[in-house]
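The chain contents come next:
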Amino acid sequence: MTIEKIQQGDQLTMSKDIVADNIEKLKQLFPEILTEGKIDFKVLKQVLGEEIEEEEEYYRFTWAGKNRARQEAHKPSTGTLRPCKEESVDWDSTKNLYIEGDNLEVLKLLQKSYAKKVKMIYIDPPYNTGKDFVYKDNYKDNLGNYLELTGQTDSEGNKLTTNTESDGRYHSNWLNMMYPRLILARNLLKEDGVIFISLDDNEIENLKKIGNEIFGEDNFVANIIWQKKFARANDATYFSTMHDNIVCFAKQSINSNKNSGWKLNLLPRTLDDAKGYSNPDNDPRGVWTSVVLSAKSGSDKLKYKIISPSGRESYPPDGRFWSVSEEKLQSLIDDNRIWFGRNGDGTPRLKTFYSEVQSGLRPNTIWFHEEVGHNQEGRQEVKSLFDGKGYFDGPKPVRLIDQILKITNSENDFLVMDFFSGSGTTAHAVMQLNLEDGGKRRHIQVQLPEATDEKSEAYIAGYKTISQIGKDRIRRAAQKILEENPEKAKGIDLGFKVFKLDQSNINAWDGERDNLEQHLFNSTESIKEDRTQEDVLYEILLKYGLDLSLPIEEKIIAGAKVFNVGFGAIFICLEDKITKQVAQGIGEWKQELNPETCRVIFKDSGFTIVEKTNSLHTLRTFGINEVRSI
Ligand SMILES: C[S@@+](CC[C@H](N)C(=O)[O-])C[C@H]1O[C@@H](n2cnc3c(N)ncnc32)[C@H](O)[C@@H]1O
């Protein structure tokens, strides 16, 4: 038995290879299309028969760069997410994540660990107003480009620029940014998951079209109009714009004939919709309204005489019948459900109690500001957390996201993601709603460390990037929740683990010819010098598709630090001196936990040949056969 070494470029060191995954799916469906490991397109065409579009002119939506953008979504990332405990809150217990980085790379890195795990995604991407910044992917080296743009490498002066209308590729640039991200986002959604996307009129039709393509036309649910303003702008050229759109697609809707699709949760009823209900007889079941007790159809048996408490006799109106039998009527009278008017001499009517009608309200496609807040409210909320300072432009109001969370699901323990998280409103809304209903919703925020303007209040106060503002907003919102509800907030997860996008921790083995000798020397030390054991640990979690919030225990065994991930699912030791005693300790720990499957990962250069062989032998005696080195 030997230990298989994980190297750069391996399946394992790259994020999920989506092309390979697609081929695998096709292979499962049509094994005959594969010849010598490659797809025979002619055979695939035959298999699909008439369903292939071969005409030159057909209905489609395209733009400059679409193919490359699609390919980009299918290319794995060579980056990693490095943990940053110093900036995190409640590192050991929280299940929430705050990831700093370009969301394209981050979405790629999360493909394995969070595939089909996210119930709801809310995003509020740049609207492409001509003044906002639209991230430009660099297909050759997206990660290098990111590090350069965000000032994390030595190169000078590269500024993040706005996408202006004078740019000949104005809409294409925006579409090229959105398209691969939405493809990757869809993979993360659960089969009964749903995505909500905020936009204004600048790109709404384009979003709708790529949304139809990526999620399927059948899965379009609604375009919600949100009244973001309440004061008319009389200086507008034509109309005073009062609304934004929130486009909603389900991963699978119930329209698509699949019962497993997203089912909307009704909104809680409010006292407002109890209008028309009253309680003139002080019924302990609360307010009620009444409906007629007669129906158009029935039998002669339903034409009986009803005598009111005052002694007045009633029959159904001409051509109608009582809607209940005589026996049923008696039981309704006994239960005080028949109303004969205040004086007891009216025509009998059936009482319907507010507390007993449909449990909730179906949301409308127009959301007014009274119901879900407006732009100013969002601004005010952030300001109030930062001592009255407006550090962030255009945050959404918490009530807006709260409504989206409420209609997402009746169960309150799902995973929510926002990968254009800005000031962190989604995280705030999740914490707030969990506080209100004792829910266990978890959130993942992704935000670019976009530089703040040097002249802005935020920059002067020390917030050099938007992600710094976002993290601090979540910390401050959590603090406020805790101060205002010391008892109730006790069981609520108000923390988050911070991760930052960076180059992989593992040295590249890319066959570079220039400095081969040095390269070969480096390659014996596969882990980059400036990286910690924890950096590598989380890279391994991503590669194996494990949740970044899994519990991780640490133990010193024979002088070496060993991590136990997910109660014995993986043991990892990245020390420089690994001995057979370490393997023995891992074996005993595994025996104690008795996991279903168990893997062990060591640092390759941490062994001598003899120790390696002995350690393998020891692990085998404990039934551990999957051992890898890095
Ligand atoms: C309109 S704001 C979101 C505001 C947010 N909904 C709130 O309530 O605070 C859009 C955010 O997306 C961020 N962003 C733009 N491109 C990004 C990218 N490629 N990766 C991650 N974040 C990005 C911007 O920095 C900006 O903060």
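Parameters and conventions
- Residues numbered from 1 in each chain as written.
- Predicted model: local features only at pLDDT ≥ 70, side-chain atom pairs only at ≥ 80, totals over all residues.
- Heavy atoms only, no water.
- UniProt positions renumbered as here; feature names shortened; annotations may be inferred.
- Helix = DSSP H or I, 4+ residues; strand = E, 2+ residues; numbered from the N terminus.
- Contact = heavy atoms within 4.5 Å.
- Areas by Shrake-Rupley, 256 points an atom, 1.4 Å probe, with all protein chains shown as cover.
- Lys, Arg positive; Asp, Glu negative; His and termini not counted.
- Charge placed at Lys NZ, Arg CZ, Asp CG, Glu CD.
- Pairing = 2+ DSSP bridges.
- Axes fitted to C-alpha atoms, helices over the stretch in contact; angles between N-to-C directions.
- 1 Å grid on protein atoms, 1.4 Å probe; cavity = no way out; pocket = protein on both sides within 12 Å on 5 of 7 lines; lining within 4 Å.
- Points joined across faces, edges and corners; volume = space filled by probe spheres on them.
- Nonpolar A, V, L, I, M, F, W, Y, C, P; charged D, E, K, R; others polar.
- pLDDT = per-residue confidence, 0-100.
- Domains from an automatic or database assignment.
- Buried area = accessible area lost by both parts, 1.4 Å probe.
- Salt bridge = Lys/Arg side-chain N within 4 Å of Asp/Glu carboxyl O.
- Near = heavy atom within 4 Å.
- Polar contact = N/O pair within 3.5 Å; in protein donor to acceptor, adjacent residues only side chain to side chain.
- Buried < 20%, exposed > 50% of the residue type's maximum accessible area, 1.4 Å probe, protein only.
- Disulfide = S-S within 2.5 Å.
- Core = buried A, V, L, I, M, F, W, Y, C linked by side-chain atoms within 4.5 Å.
- Patch = residues over 30% accessible without salt bridge, like charges linked within 9 Å, V, L, I, M, F, W, Y side chains within 5 Å.
- Phe/Tyr/Trp six-rings, centres within 6.5 Å; stacked < 30°, edge-to-face > 60°.
- Lys NZ or Arg CZ within 6 Å of the ring centre and 35° of its normal.

The chain is annotated in an unreviewed UniProt entry as site-specific DNA-methyltransferase (adenine-specific) from Marinifilum flexuosum. Check the Catalytic activity (unreviewed entry) section of the UniProt entry for the chain; it says "a 2'-deoxyadenosine in DNA + S-adenosyl-L-methionine = an N(6)-methyl-2'-deoxyadenosine in DNA + S-adenosyl-L-homocysteine + H(+)".

Asker: Quick question: what am I supposed to make of the overall build of the chain here?
Answerer: A count of helical and extended segments in the chain gives 18 helices and 27 strands. In terms of its C-alpha atoms, the chain occupies a principal-axis envelope of roughly 110 × 70 × 65 Å. In the chain, 75% of the contacts between residues at least 6 apart in sequence involve partners at least 24 apart. Roughly 32,000 Å² of accessible area belongs to the chain as shown, and the carbon and sulfur atoms make up 47% of that amount. Taking the average location of the 85 positive side-chain charges in the chain and that of its 99 negative ones, the two points are 3 Å from each other.

Asker: Any chance you could explain the sheet that holds strand β4 (residues 79-83) here in plain terms?
Answerer: Whether parallel or antiparallel, the strands of a sheet pair through hydrogen bonds between backbone atoms. Strands sit in the order β4-β22-β5-β21-β20-β6-β7-β9-β8-β19 across an open sheet of 10 strands; the sheet is mixed. At either margin of the open sheet sits one strand with a lone partner, and together these are β4 and β19 (366-367). Direction of pairing for strand β8 (residues 220-227) relative to β19: parallel, over a ladder of two bridges. Its bridge partner being in β19, Ile225 is matched across the sheet by Ile366. Contacts from helix α7 (residues 204-215) reach β7 (189-199), β8 and β9 (243-250), with the element oriented near 5 degrees to β9. Packed on one face of the sheet, helix α14 (residues 466-484) meets β5 (97-100), β21 (442-447) and β22 (497-503) and runs near 170 degrees to β5.

Asker: Quick question: what am I supposed to make of the layout of surface pockets here?
Answerer: Any empty space left between the atoms is revealed when a probe the size of a water molecule rolls over them. Estimated volume of the second largest pocket: approximately 1,100 Å³. Lining the second largest pocket are 28 residues, with Asn22, His74, Arg186, Glu213 and Ile214 sitting closest to its centre. At the level of secondary structure, the elements contributing two or more residues to the lining of the second largest pocket comprise α1 (18-29), α2 (41-48), α3 (66-74), α6 (170-188) and α7. It is α1 that contributes the most residues to the lining of the second largest pocket, seven residues altogether. For the lining of the second largest pocket, the residue count by class is 13 nonpolar, four polar and 11 charged.

Asker: Just to check I follow, could you spell out the confidence of the model for the chain for this structure?
Answerer: The predicted coordinates of low-pLDDT regions are not to be read in fine detail. Put simply, the chain has an average pLDDT of 89, and 92% of its residues get 70 or more. In this model, residues 509-513 is a region of pLDDT below 50 whose contacts with residues beyond four sequence positions or in other chains number seven contacts.

Asker: Help me out: how do you make sense of the domain arrangement of the chain in this one?
Answerer: By a widely used convention, the size of an interface equals the accessible area lost when the partners come together. The domain boundaries assigned to the chain delineate domain 1 (17-73), domain 2 (79-269 + 361-503), domain 3 (271-356) and domain 4 (513-629). Its C-alpha centre places domain 1 at a distance of 32 Å from the equivalent point of domain 2. Both faces considered, domain 1 and domain 2 share a buried interface measuring about 1,400 Å² in area, 64% of it formed by carbon and sulfur atoms. Summed over the three residues of domain 1 that lose the most area to domain 2, namely Phe61, Trp63 and Glu72, the buried surface amounts to 45% of that side. At the junction of domain 1 with domain 2, the criterion picks out three salt bridges. With six residues, the top contributor of residues to the side of domain 1 that touches domain 2 is α3. Of the residues that constitute the side of domain 1 that touches domain 2, the class distribution is seven nonpolar, one polar and four charged.

Asker: How should I be thinking about the site of the ligand in this particular structure?
Answerer: Looking at the ligand, there are 21 residues lining it, with Asp124, Ser423, Thr425, Gln447 and Glu450 nearest. Residue Gln447 places a side-chain N or O atom 2.8 Å away from an oxygen atom belonging to the ligand. With respect to the ligand, the backbone of Leu448 contributes an N or O atom lying 3.2 Å from a nitrogen atom. Here the ligand loses 93% of its free accessible area of 600 Å² to cover by the protein chains. Counted by class, the shell around the ligand contains eight nonpolar, eight polar and five charged residues.

Asker: In this structure, what is going on with unusual backbone geometry? I would like to understand it.
Answerer: Leaving glycine out, the prevailing phi sign among residues is negative, and the prevailing peptide bond configuration is trans. With phi around 55 degrees, Asn336 is a residue other than glycine that occupies positive phi space. Of note, Asn336 is situated in the loop between α8 (326-334) and β16 (338-339). Relative accessible area serves as the criterion here: at 34%, Asn336 is assigned to the partly exposed category.

Asker: What exactly am I supposed to notice about the environment of Gln403 here?
Answerer: On the secondary structure map, Gln403 appears in helix α11 (residues 398-408). Sequence separation of Gln403 and Leu267 is 136 residues, and the distance between their C-alpha atoms is 7.9 Å.

Asker: Can you help me understand the state of the cysteines in this one?
Answerer: Throughout this description, disulfide means a covalent bond between two cysteine sulfur atoms. Applying the stated rule across the entire model yields zero disulfides. Not part of a disulfide, Cys598 finds its nearest cysteine sulfur in Cys573, a span of 14 Å.

Asker: Explain the nonpolar core to me, please; I cannot follow it from the model alone.
Answerer: A general tendency of soluble globular proteins is for nonpolar side chains to be buried together. Within the largest apolar cluster, 75 residues are counted, with the highest numbers of intra-cluster contacts made by Leu81, Met417 and Leu548. Ranked by the residues each element gives to this core, the list is headed by α6, at 10 residues. In this structure, Leu81 is in contact with Ile99, Val106, Leu109, Leu110, Phe499, Lys500, Leu501, Tyr538, Leu542 and Leu548, ignoring residues within four places of it in sequence. If you look at the next biggest cluster of nonpolar residues, it comprises 25 residues, including Trp226, Ala250, Val372 and Val416.

Asker: Quick question: what am I supposed to make of a negative patch on the surface here?
Answerer: A surface patch of like charges, here negative, comprises Glu53, Glu55, Glu56 and Glu57. With respect to the element layout, Glu53 can be found in the loop between α2 and α3.

Asker: Would you take a moment to explain the packing of aromatic side chains for this structure?
Answerer: Both the distance between ring centres and the angle between the ring planes are used here to describe each pair of aromatic rings. Evaluated as defined, the whole model comprises 19 aromatic pairs. With centroids separated by 5.6 Å and ring planes inclined at 85 degrees, the aromatic side chains of Phe386 and Tyr463 adopt a geometry described as edge-to-face. Here Tyr463 lies in the loop between α13 (457-460) and α14 and Phe386 lies in the loop between α10 (375-385) and α11, a separation of 77 residues in the sequence. What makes Phe386 buried here is its relative accessible area of 2%. When the centroid spacing of 5.1 Å and the interplanar angle of 70 degrees are considered together, the rings of Phe499 and Tyr538 count as edge-to-face. Within this pair, whereas Phe499 is found in strand β22, its partner Tyr538 is found in helix α16 (residues 533-543), the two being separated by 39 residues in sequence. We classify Phe499 as buried; its relative accessible area is 0%. Residue classification places Tyr538 among the buried residues on the basis of a relative accessible area of 3%. Through successive ring pairs, a cluster of aromatic residues spans Phe61, Trp63 and Tyr179. The ring of Phe61 has Lys209 lying over it, and the distance from NZ or CZ to the ring centre is 5.2 Å.

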